[in-house]
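Given next are the chains, with one letter for each unit.
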Amino acid sequence: MSASTEFRWPVRVYYEDTDSGGVVYHANYLKFMERARTEFLRSLGFGQAELRDDLGVLFVVRSLALQYRRPARFDDALEVVTRLEELGRSLMKFEQKIYRGEQLLTEATVDIVCIDAEQFRPAIIPPAVRNLVNPM
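An account of the accompanying structure is given in this report. (Residues numbered from 1 in each chain as written. Predicted model: local features only at pLDDT ≥ 70, side-chain atom pairs only at ≥ 80, totals over all residues. Heavy atoms only, no water.)

### Regarding the sheet that holds strand E5 (residues 103-116)
An order of E1-E3-E4-E5-E2 is seen for the five strands of this open sheet, with the pairing classed as antiparallel. Bordering the open sheet on either side are strand E1 (7-12) and strand E2 (57-68), each of which pairs with just one other strand. Ignoring strand direction, the axes of neighbouring strands in this sheet form an average angle of 25 degrees. With ten bridges connecting them, strand E4 (residues 91-100) and E5 associate as antiparallel partners. If you follow Leu-91 over to E5, its bridge partner there is Val-113. (Pairing = 2+ DSSP bridges. Helix = DSSP H or I, 4+ residues; strand = E, 2+ residues; numbered from the N terminus. Axes fitted to C-alpha atoms, helices over the stretch in contact; angles between N-to-C directions.)

### Focus on the packing of aromatic side chains
Geometrically, a pair of aromatic rings is defined through the distance of the ring centres and the angle of the planes. On inspection of all chains with the given rule, the structure shows six aromatic pairs. Judged by centre distance (5.9 Å) and plane angle (65 degrees), the ring pair of Phe-7 and Phe-40 falls under edge-to-face. In this pair, Phe-7 sits in strand E1 while Phe-40 sits in helix H1 (residues 26-43), placing the two residues 33 residues apart along the sequence. Taken together, the ring pairs in this structure connect Phe-7, Trp-9, Phe-40 and Phe-94 into an aromatic cluster. (Phe/Tyr/Trp six-rings, centres within 6.5 Å; stacked < 30°, edge-to-face > 60°.)

### With respect to the nonpolar core
Residues Phe-59, Leu-78 and Met-92 are the most contacted members of the largest nonpolar core, which totals 31 residues. At the level of secondary structure, the elements contributing two or more residues to this core comprise E1, H1, E2, strand E3 (77-87), E4, E5 and helix H3 (127-133). At six residues, the largest contribution of residues to this core is made by H1. Not counting residues up to four positions away in its chain, the partners in contact with Met-92 are Phe-59, Leu-84, Glu-86, Leu-87, Val-110, Asp-111, Ile-112, Ile-125 and Val-133. Membership of the second largest hydrophobic core comes to five residues, among which are Leu-58, Leu-91, Val-113 and Ala-117. (Core = buried A, V, L, I, M, F, W, Y, C linked by side-chain atoms within 4.5 Å. Buried < 20%, exposed > 50% of the residue type's maximum accessible area, 1.4 Å probe, protein only. Contact = heavy atoms within 4.5 Å.)

### Here's the deal with H1
Since the α-helix turns once every 3.6 residues, residues separated by three or four places project in the same direction. Taking 1.5 Å of rise per residue, 18 residues should cover 26 Å, and H1 covers 27 Å from first to last C-alpha, within 8% of that figure. Among all positions in H1, only Asn-28, Tyr-29, Phe-32, Met-33, Ala-36, Arg-37, Thr-38, Glu-39, Phe-40 and Leu-41 are buried. Of the residues flanking the end of H1, it is Gly-45, one or two places downstream, whose phi is positive at about 100 degrees. (Expected span 1.5 Å × (residues − 1).)

### Regarding the pattern of salt bridges
As enumerated under the stated definition, the model contains eleven salt bridges in all. Close ionic contact of Arg-52 with Asp-53 constitutes a salt bridge, the shortest N to O distance being 2.8 Å. With a closest N to O distance of 2.8 Å, Arg-83 and Glu-85 form a salt bridge. Relative accessible area serves as the criterion here: at 43%, Glu-85 is assigned to the partly exposed category. Residues joined by salt bridges that share partners form a network here, namely Glu-6, Arg-8 and Glu-79. (Salt bridge = Lys/Arg side-chain N within 4 Å of Asp/Glu carboxyl O.)

### A short note on unusual backbone geometry
Not every positive phi belongs to a glycine, and Asp-75 is a case in point at roughly 75 degrees. Its location among the elements puts Asp-75 in the loop between E2 and E3. Not every positive phi belongs to a glycine, and Phe-120 is a case in point at roughly 55 degrees. Mapped onto the elements of the fold, Phe-120 is located in the loop between E5 and H3.

Right, here's the structure in full:
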């Protein structure tokens with residue numbers, strides 16, 4: 001993968017994702033982004049259970065900055081675009097954007113920290129993961 005590689009994940013807005021006005025409830029954008037990051041790791045061969053059971057780590061959100069631009073509505077077909085912007089010893093910084101077609105709806109910067117699955121303390125990102133995400 002090159003430095004300009006983006007991971008794209010489709011999302012359909014269901015009725016359960018919306019408020020009484022048919023607009024996506026604000027917290028659900030975070031769920032869409034979480035699913036995209038999970039599927040990004042899965043596309044590299046790392047499911048959440050494997051990360052925990054085989055490598056002994058979890059990835060957790062440390063911080064995020066989110067900006068809403070336009071609302072998504074019931075039955076919209078969305079795409080979550082995920083890009084790894086920075087890779088540290090235990091930190092992965094992602095830029096994520098949600099689009100409806102070409103229209104940007106929401107964008108976020110999400111800091112993810114690798115932690116030890118037993119102690120819940122910061123841990124070094126395992127080489128198996130680092131070697132696959134580093135080229136991005």
